[in-house]
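Report on the structure
Next come the chains, spelled out residue by residue.
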Number of protein chains: 2
Amino acid sequence: MKPYVVGIDIGGTNTVFGIVDARGQVIASSSIKTLKHSDVNDYIEELYQGVMQLMQGHDAVDKVNGIGIGAPNANYYTGVIEKLVNIPWPTPLPLARMLSDKFGLPVSITNDANAAAIGEMTYGAARGMKNFIMITLGTGVGSGIVINGQLVYGSDGFAGELGHVIMKRHNGRLCGCGRTGCLEAYCSATGVARTAREFLEIRKDDSLLRNIPVDLITSKDVYDAAMSGDSLAREIYEYTGTILGEAFADFTTFSSPEAIILFGGLAKSGDLLLKPIRESMEKNMMNMFKGKVKVILSELKEADAAVLGASALGWEAKPVPAPVPAVVDAAPAPEVAE
Amino acid sequence: MKPYVVGIDIGGTNTVFGIVDARGQVIASSSIKTLKHSDVNDYIEELYQGVMQLMQGHDAVDKVNGIGIGAPNANYYTGVIEKLVNIPWPTPLPLARMLSDKFGLPVSITNDANAAAIGEMTYGAARGMKNFIMITLGTGVGSGIVINGQLVYGSDGFAGELGHVIMKRHNGRLCGCGRTGCLEAYCSATGVARTAREFLEIRKDDSLLRNIPVDLITSKDVYDAAMSGDSLAREIYEYTGTILGEAFADFTTFSSPEAIILFGGLAKSGDLLLKPIRESMEKNMMNMFKGKVKVILSELKEADAAVLGASALGWEAKPVPAPVPAVVDAAPAPEVAE
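Just so it is clear, the model here is predicted, and its values are computed rather than measured.

**As for the sheet that holds strand β9 (residues 141-147) of chain A**
All names here are of chain A. Spatial strand order, β10-β9-β8-β11-β12: 5 strands in an open sheet with mixed pairing. Pairing within the sheet leaves two strands with one partner each, and these edge strands are β10 (150-151) and β12 (294-297). Looking at chain direction, strand β8 (residues 132-137) and strand β11 (residues 259-263) are connected through 5 bridges and run parallel. Bridging across to β11, M134 finds its partner in I261.

The structure is reproduced here in structure tokens:
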């Protein structure tokens, strides 16, 4: 096994990449603007130059075991990005193959929440765990599920969409997925901001949040208000944590994880969120699982996490198989008159 | 690999056992009364005699690869039955070890729904599937989850309690598990009978079910009425199937299974139940999973299913490890006056 892997995290704005060693140290990292290139081939060229420059600068050429990529809607089985939002490249995009051809290295690809789970298992709070669930609380709610030490990709490569279990079956909030009542509509950063707007409209009590134009309130504002002791802001956290706890109790009936690990912007709220989650989870838990499931925070440094998570895939990356050649029908035999 | 396995299904009333070959043929089977013996050692002795008699009668002595057992609350990891309801033997009961010592054969044990899933994968509708969910619709609702070709036992051996996800968070029915709103409280055979009683009480329309004393109505009565065209009975099936479909759409976000396979008494309702399940599942499904998940019926013959399911564990059964000896403190060294 060569001593390094390369991690690439493709976001809507930036693509961050770095060289990582087996202990999870980011040896060097850099980034390019994802959207600078309307042609994906130009993007790949700039990415290639950037990664090569890092490798050359750190004596890592020929010492990289593989490349791992985290990208939205990426299918681990096929190496293809199935859908892109706000990025104008054609889909389905066989990115694993394109980068593998370019670098001459094995490339694995998966979505960002799955990459985070693998990163946590390889370098973070889930080291040594065989069964855990990673929940990313950012603009949306993502998840990566590990069972028997393996990431769960499911029959089609897209398992682990726990942000879209239905938590409110009646009068639920509209979700970005087009349905209503999803966990993500309540417990993402945007969900918390929506809760704030709902609470401020329905209720009459004072709050620091009333000093902010209601349409501009963010989850950060709710955090700041709660840390200042604002009781309405604290109730927003309790509301959010209660729903997460209900969801986590249901998740436990599925895979009985050792831990549920939180990552992402909202997770930085710490006990403000952890306390109501744990209370609600235990209250809603089946007796046989009570007291067994830890709810903990990611141990990956936020600045490094995206690259680390993606890079962890590079340890198990296998050469991308050649595409199956299109079946060409043999020319029909000419009809011969009898 | 030897050519046979033995399957033992321990129920509250009967213990059924049989010899099974690699093609899933039950070569011979028999049963004893579980509750005849208040002492578990007497039970094991009778079970041993019964199984030995079958083996001797079919030239199978020394040709059995292992023994698989399906039993309620059985822990695959430890081989222990953690809890018994209506059976007076002491728990935790290390049944795998006791039977392994008695037979001199490897013994594996798990709960009945997990055994059904392994049976379906080995001999039934899930042959060749790597990702599916088995749902047993009987007195309760049980589940066995297969991911990457492996049964999901979770961190403690008790994963796969999908009968206890919460489907109604407000004013839900009391469930046998002590909580309210569980899938099982609505979609088990007893749940269907409860729905019938609720519908009959709330509504005024005619129904064949009104000819039966309301407290005696069973799911079989609802089935018979529905098959006779009774519209209230059909609505009970629609109500039941709708909730199952909602649950299955949520399960899909977890493991994206190729199929969900139904087993047990209620599954025999066929299209009466399948049709509303499929409609509701697709209606509630995230777009990315729509049209991907099959809902199908078990292909195991009901009479053989319990033995087949349990027996399938016998193919992979490993010798039960010796119990860890209790740590005995060395006698403290006598104090010596300086």
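**A closer look at the relation of the copies chain B and chain A**
Its rotation angle being 180°, the transformation that places chain B on chain A also includes 0.0 Å of axial translation and leaves an RMSD of 0.0 Å. Taken together, the rotation and translation describe the operation of a two-fold axis. Mapped onto chain A, 100% of the interface residues of chain B again fall at the interface, so both copies present the same surface.

**Here we look at the interface of chain B and chain A**
Listed per partner, the contact involves 40 residues of chain B and 40 residues of chain A. Carbon and sulfur atoms make up 53% of the surface buried where chain B meets chain A, a total of about 3400 Å² over both sides. Contact with chain A buries area across many residues of chain B, yet R169, F254 and M286 of chain B alone supply 22% of it, more than any other trio. Notably, a salt bridge pairs K292 of chain A with D156 of chain B, separated by 2.7 Å at the nearest N-O pair. Between chain B and chain A we count 20 residue pairs in polar contact (both at pLDDT 80 or more) in total. Looking at the side of chain B that touches chain A, the elements with two or more residues in it are β9 (141-147), β10 (150-151) and α7 (231-255) of chain B. With 6 residues, the top contributor of residues to the side of chain B that touches chain A is α7 of chain B. Per-class residue counts for the side of chain B that touches chain A are 20 nonpolar, 12 polar and 8 charged.

**Brief notes about the pattern of salt bridges**
In this structure the tally under the stated criterion is 29 salt bridges over all chains. When the shortest N-O distance is used, the salt bridge between R169 of chain A and D250 of chain B registers 2.9 Å. Linking R169 of chain A in the loop between β10 and α4 (183-187) with D250 of chain B in helix α7, this pair reaches from one chain into another. We note a salt bridge from E246 of chain A to R169 of chain B, for which the minimum N-O separation is 3.9 Å. Residue E246 of chain A is located in helix α7 (residues 231-255), and its partner R169 of chain B is located in the loop between β10 and α4 (183-187); the two belong to separate chains. Through salt bridges with shared partners, a single ionic network connects R169 of chain A together with E246 and D250 of chain B.

**Quick notes on the nonpolar core**
F248 of chain A together with F248 of chain B are the most contacted members of the largest nonpolar core, which has 108 residues in total. Filtering out sequence-adjacent residues up to four positions away, F248 of chain B remains in contact with I135, I260, L262, I277, M281 and V295 of chain B.

**Some details on the sheet that holds strand β11 (residues 259-263) of chain B**
Residue and element names in this part refer to chain B. What the 5 strands build is an open sheet, ordered β10-β9-β8-β11-β12; its pairing is mixed. On the outer flanks of this sheet lie β10 and β12 (294-297), each paired with one strand and no other. Where β11 meets β12, 4 bridges bridge the pair, whose relative direction is parallel. Across the sheet, residue I260 finds its bridge partner in β12, namely V295.

**Focus: the side chain of S207 of chain A**
All names here are of chain A. Along the polypeptide, S207 turns up in the loop between α5 (189-202) and α6 (219-227). Exposure remark for S207: the relative accessible area of 9% places this residue in the buried category. Only 3.0 Å separates the side chain of S207 from the backbone nitrogen of L209, close enough to count as a polar contact. Only 3.0 Å separates the side chain of S207 from the side chain of D230, close enough to count as a polar contact.

Criteria and cut-off values
- Residues numbered from 1 in each chain as written.
- Chains lettered and ligands numbered in written order.
- Predicted model: local features only at pLDDT ≥ 70, side-chain atom pairs only at ≥ 80, totals over all residues.
- Heavy atoms only, no water.
- Pairing = 2+ DSSP bridges.
- Helix = DSSP H or I, 4+ residues; strand = E, 2+ residues; numbered from the N terminus.
- Least-squares fit on C-alpha atoms with pLDDT ≥ 70 in both.
- Contact = heavy atoms within 4.5 Å.
- Buried area = accessible area lost by both parts, 1.4 Å probe.
- Salt bridge = Lys/Arg side-chain N within 4 Å of Asp/Glu carboxyl O.
- Polar contact = N/O pair within 3.5 Å; in protein donor to acceptor, adjacent residues only side chain to side chain.
- Nonpolar A, V, L, I, M, F, W, Y, C, P; charged D, E, K, R; others polar.
- Core = buried A, V, L, I, M, F, W, Y, C linked by side-chain atoms within 4.5 Å.
- Buried < 20%, exposed > 50% of the residue type's maximum accessible area, 1.4 Å probe, protein only.

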